[in-house]
Amino acid sequence: MIDPKLDIILENEYTRQKMGIELIASENFTSSNVLTLLGSVFTNKYSEGLPGKRYYGGNKHIDELETLCIERALTAFHLDSNEWGVNVQPYSGSIANICVYLGLLEPHDRIMGLDLPSGGHLSHGFYVKNKKISKSSVMFESLPYTINETGYIDYDKLAEYVKVFQPKLLICGGSAYPRDLDYKRFREIADTIGCLLMGDIAHISGLVATQEANNPFEYCDIVTTTTHKTLRGPRSGMIFYKKEFESRINESVFPGVQGGPHNNKIAALCHQLYEVATPEFKEYIKNVKKNAQALANKLIELGYSISSNGTDNHIVLVNVRDKGVTGSKVEKVCELADISINKNAVYGDTSAMNPGGIRLGSSAMTTRLCVETHFTKIAEFIDETVKICLEIQKEKGVKLKDFLVDIEKNQSIIELRKKVNEFSKELYFPC
Ligand code: DSN
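Now for a quick tour of the structure. (Residues numbered from 1 in each chain as written. Predicted model: local features only at pLDDT ≥ 70, side-chain atom pairs only at ≥ 80, totals over all residues. Heavy atoms only, no water.)

1. A word on the overall build of the protein
Here is step 1: Tallying secondary structure elements over the protein gives 16 helices and 15 strands in all.
Here is step 2: Here the protein has a C-alpha radius of gyration of 22 Å; the compact-globule value for 431 residues is 22 Å, and the two agree.
Here is step 3: Considering only C-alpha atoms, the protein reaches an extent of 65 × 60 × 40 Å along its principal axes.
Here is step 4: Here the protein, with 431 residues, has 55% of them falling under the buried criterion.
Here is step 5: Element-wise, carbon and sulfur atoms account for 53% of the exposed surface of the protein, whose accessible area totals about 19000 Å².
Here is step 6: Taking the average location of the 50 positive side-chain charges in the protein and that of its 54 negative ones, the two points are 4 Å from each other. (Helix = DSSP H or I, 4+ residues; strand = E, 2+ residues; numbered from the N terminus. Rg over C-alpha atoms; globule rule 2.2 N^0.38 Å. Buried < 20%, exposed > 50% of the residue type's maximum accessible area, 1.4 Å probe, protein only. Areas by Shrake-Rupley, 256 points an atom, 1.4 Å probe, with all protein chains shown as cover. Lys, Arg positive; Asp, Glu negative; His and termini not counted. Charge placed at Lys NZ, Arg CZ, Asp CG, Glu CD.)

2. Some points on unusual backbone geometry
Here is step 1: Geometrically, the link from Phe-254 to Pro-255 is a cis peptide bond, its omega value of 10 degrees lying close to zero.
Here is step 2: Locating Pro-255 in the fold gives a position in helix α9 (residues 246-257).
Here is step 3: In this structure, Gln-211 is a non-glycine residue whose phi angle is positive, near 60 degrees.
Here is step 4: Looking at the element boundaries, Gln-211 is found in the loop between α8 (205-209) and β9 (222-226).

3. Details of the side chain of Lys-289
Here is step 1: Structurally, Lys-289 is set in helix α11 (residues 279-301).
Here is step 2: Looking at Lys-289, its side chain comes within polar contact range of the main-chain oxygen of Glu-212, at 2.8 Å.
Here is step 3: If we skip the residues at most four places from it in the chain, Lys-289 touches Leu-207, Glu-212, Asp-312 and Asn-313. (Polar contact = N/O pair within 3.5 Å; in protein donor to acceptor, adjacent residues only side chain to side chain. Contact = heavy atoms within 4.5 Å.)

4. Comments concerning the packing of aromatic side chains
Here is step 1: Within the structure shown, the criterion is met by 13 aromatic pairs.
Here is step 2: Residues Tyr-101 and Phe-140 carry aromatic rings whose centres are separated by 5.8 Å and whose planes lie at 75 degrees to one another, so their mutual orientation is edge-to-face. Linking Tyr-101 in helix α4 (residues 93-104) with Phe-140 in the loop between α5 (136-139) and β6 (141-142), this pair joins segments that are 39 residues apart in sequence. Each member of the pair, Tyr-101 together with Phe-140, is buried. (Phe/Tyr/Trp six-rings, centres within 6.5 Å; stacked < 30°, edge-to-face > 60°.)

5. Notes on the pairing of strand β15 (residues 357-361)
Here is step 1: Summarising burial for β15: five of the five residues are buried, a large majority.
Here is step 2: Burial of β15 is two-sided: the residues Gly-357, Arg-359 and Gly-361 facing one way and the residues Ile-358 and Leu-360 facing the other way are all buried.
Here is step 3: In this sheet, β15 lies alongside strand β12 (residues 315-319) in antiparallel orientation, the contact comprising five bridges. Bridge assignment links Val-316 to a residue of β15, and that residue is Leu-360.
Here is step 4: When strand β14 (residues 342-344) meets β15, the two strands line up antiparallel, connected through three bridges. (Pairing = 2+ DSSP bridges.)

6. Description of the site of the ligand
Here is step 1: Taken together, Ser-26, His-121, Ser-175, His-203, Lys-229 and Arg-359 make up all the residues around the ligand.
Here is step 2: Here an oxygen atom of the ligand sits 2.7 Å away from a polar atom, N or O, in the side chain of Ser-26.
Here is step 3: Between the ligand and the protein, one listed contact pairs an oxygen atom with a side-chain N or O atom of His-121 at 2.8 Å.
Here is step 4: Across the complex, the protein chains shield 63% of the 230 Å² of accessible surface that the ligand would expose by itself. (Near = heavy atom within 4 Å.)

7. Quick word on the sheet that holds strand β7 (residues 169-172)
Here is step 1: One open sheet accounts for seven strands, arranged β4-β10-β9-β8-β7-β5-β6; its pairing is mixed. Edge positions in the sheet fall to β4 (84-87) and β6, since each has one partner strand and no second.
Here is step 2: The pairing of strand β5 (residues 110-112) with β7 spans two bridges and is classified as parallel. Counted as the bridge partner of Met-112 is Leu-170 from β7.

8. Focus: α4
Here is step 1: Between its first and last C-alpha, α4 extends 17 Å over 12 residues, near the 16 Å set by a 1.5 Å rise per residue.
Here is step 2: Counting buried positions over the 12 residues of α4 gives nine, a clear majority of the element.
Here is step 3: Taken together, the buried positions of α4 are Gly-93, Ala-96, Asn-97, Ile-98, Cys-99, Val-100, Tyr-101, Gly-103 and Leu-104.
Here is step 4: The residue sitting at the N-terminus of α4 and contributing the capping side-chain oxygen is Ser-92; that oxygen lies 3.5 Å from the backbone nitrogen of Ser-94. (Expected span 1.5 Å × (residues − 1).)

9. Focus: a nonpolar patch on the surface
Here is step 1: A surface patch of nonpolar side chains, about 390 Å² in accessible area, is lined by Ile-2, Leu-6, Ile-9 and Leu-10.
Here is step 2: Secondary-structure assignment places Leu-10 in helix α1 (residues 4-19). (Patch = residues over 30% accessible without salt bridge, like charges linked within 9 Å, V, L, I, M, F, W, Y side chains within 5 Å. Salt bridge = Lys/Arg side-chain N within 4 Å of Asp/Glu carboxyl O.)

10. Thoughts on helix α7 (residues 183-193)
Here is step 1: Tyr-183, Phe-186, Arg-187, Ile-189, Ala-190 and Ile-193 are the residues of α7 that are buried. Projection of α7 onto a plane perpendicular to its axis shows the buried side chains occupying an angular sector of 165 degrees, all on one side.
Here is step 2: Packing partners of the buried residues in α7 comprise α6 (155-165), β7 and β8 (196-200). (Arc of directions from axis to C-beta.)

11. Some thoughts on the pairing of strand β10 (residues 237-242)
Here is step 1: Of all six residues in β10, six are buried, a share of seventy percent or more.
Here is step 2: Because side chains alternate across β10, one face comprises the buried residues Gly-237, Ile-239 and Tyr-241, and the other comprises Met-238, Phe-240 and Lys-242, equally buried.
Here is step 3: Across four bridges, the pairing between β4 and β10 is antiparallel. Its bridge partner lying in β10, Asn-87 is registered against Ile-239.

12. Considerations on the pattern of salt bridges
Here is step 1: Tallied over the full model, the rule gives 22 salt bridges.
Here is step 2: With a closest N to O distance of 3.0 Å, Asp-109 and Lys-168 form a salt bridge. Here the residue Asp-109 occupies a position in the loop between α4 and β5, and Lys-168 occupies one in the loop between α6 and β7, the gap between them amounting to 59 residues.
Here is step 3: Where Asp-221 meets Arg-187, a salt bridge forms, and the shortest distance between an N and an O atom there is 3.1 Å. A residue pair is termed long-range when its members are at least 10 positions apart, and Asp-221 in the loop between α8 and β9 and Arg-187 in helix α7 qualify at 34 residues. Side by side, Asp-221 and Arg-187 carry an identical accessibility label, which is buried.
Here is step 4: Shared partners join several salt bridges into a network, and the residues in it are Lys-298, Glu-301, Lys-377 and Glu-380.

Read these as layout, nothing more, since geometry by itself doesn't imply function.
Structure, rendered in structure tokens:
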């Protein structure tokens, strides 16, 4: 019997997921097969090393598992095993990135990634005025590049910065960038100074695998990803490398950074990569894109300004500042109405701590078989939360502290939550 207190927490979390609307762009609902493998006996085994080269005995079947997972990964991403290899052991995407930096760079070498408020990721060297936030900016010297007022990456400025800063590694990819990347342009820019190019496709790996996005493997030396976002697998990471970097990457993962691989996750990932290669998964990703576009279009119709005026992937970045509210307030009201979203910086924000936007993603609700009409309804729910924020501000003023007083008793939020629960309860849930 599971610890009864924990069992209640688990039941409550299950109900929260099932009854709510999940729009966090980095989340998804994985399948019951993936959950079964995560809870399997594979979790019991230590297997430091690589297939055929382990530091413990008893790894016959773990070797078979990891070898199969590597094969499935190369197949899912259409890669030739003579040219590319993959390490499937990273515990997460951030750790995969650190393994790459420590494997290919010397401490204090220079790196450049998309700035976090422009849609980049913490692990790409994020720092602010008086503080190095990510250890990637402590261990390495980092200079960010940015988007411009169109919401697209400013490639011309990036080319200038690269010439001045002379990074050893240029990173493309991020966590809140709604447009596809011009990998050819990144490669050309990297080649002007002869630096390495790494693609971090954590958010879009499902789109890349199904060839519903540009192909980073054509131009990058290294490609990292998480496995649980649009790829819909367990929570872990992968590092794809050109064969010339094989030993540096593998030795950096183990013994450089990590200990024993999490074999239950490798098993779950192996299964998911098998699913990713099916026509059904391609259909799913096509729907993810269609749904994100429907969400963006409806929000534009409702008068919202959307970063880059649309989306090429699963992400819709909405400016709520122009409506007179902050991302934090919308996030809070959404949470009370059982809609999960996150506040996010949008172009022109002066404070990353108090951003003027929200980030929405379509992958999780597409897994629950929502179609474009559902996403039109979801846009209306979001609009309702913004209107509720404005009502509360009118009554209580704009200070967040005052805004939050007795907010859970707000009748409009209670009514909205009922509608959200009604909407969600009949939808398919994968486990
Ligand atoms: N925190 C993840 C995201 O939300 O995009 C990335 O690590």
